[in-house]
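# Residue-level structural notes
Okay, here's what each chain looks like letter by letter:
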Amino acid sequence: MVYGQKKDDPERAALLGGATFSSANTSVSHERRAFLAGVDGIESGNTSLKESKGQLYQTEAIGQEILGDLLNQREVIGRGRQTFAEDADIHGNIDGRLKSMGFNQTLNKYMCWIIVFLLLAIATISVIIALTMD
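Residues numbered from 1 in each chain as written. Predicted model: local features only at pLDDT ≥ 70, side-chain atom pairs only at ≥ 80, totals over all residues. Heavy atoms only, no water.

What follows covers the overall build of the protein. The helix and strand tally for the protein stands at 2 helices and 0 strands. Taken across its 134 residues, the protein has 2% of its residues classed as buried. Element-wise, carbon and sulfur atoms account for 64% of the exposed surface of the protein, whose accessible area totals about 12300 Å². (Helix = DSSP H or I, 4+ residues; strand = E, 2+ residues; numbered from the N terminus. Buried < 20%, exposed > 50% of the residue type's maximum accessible area, 1.4 Å probe, protein only. Areas by Shrake-Rupley, 256 points an atom, 1.4 Å probe, with all protein chains shown as cover.)

A cluster of nonpolar side chains, contributed by I62, I66, L67 and L70, occupies part of the molecular surface with about 380 Å² of accessible area. The topology assignment puts L67 in helix α2 (residues 21–133). (Patch = residues over 30% accessible without salt bridge, like charges linked within 9 Å, V, L, I, M, F, W, Y side chains within 5 Å. Salt bridge = Lys/Arg side-chain N within 4 Å of Asp/Glu carboxyl O.)

We describe a pair of aromatic rings using the distance from one ring centre to the other and the angle between the two ring planes. Evaluated as defined, the whole model comprises 1 aromatic pair. A centroid spacing of 6.1 Å and a plane angle of 35 degrees characterise the contact between W113 and F117, whose relative ring orientation is tilted. With a gap of 4 residues between them, W113 and F117 both fall in helix α2, about one helical turn apart. Its relative accessible area of 53% is what places F117 among the exposed residues. (Phe/Tyr/Trp six-rings, centres within 6.5 Å; stacked < 30°, edge-to-face > 60°.)

This is the structure we're talking about:
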């Protein structure tokens, strides 16, 4: 306060926003309450952010577990495909061998009949030759 100024000086009132000392005190109290309310809002926002951060970390951990499970499933599916392909190749080989064996069986049957007829023919010719030589 400048020397010689009174408390009720209009310049002082203008500087204080037209408030007297008692209304200035009330205004400060109101501003303090507003400031504290703002601090409380910031603190609750900070708490919400911390909770959100915790949920984010939990979600990230769950996501990593899911990705790990999916990678394992992918490997299992890949091994299954490979095994299936190998089985299909084996089955194809077995099928080919069975067809080949069936063909060989039929061929061997015809060859046996041919041999039997040749042996009968040779035996008949031998008997004819033996009878004619006597």
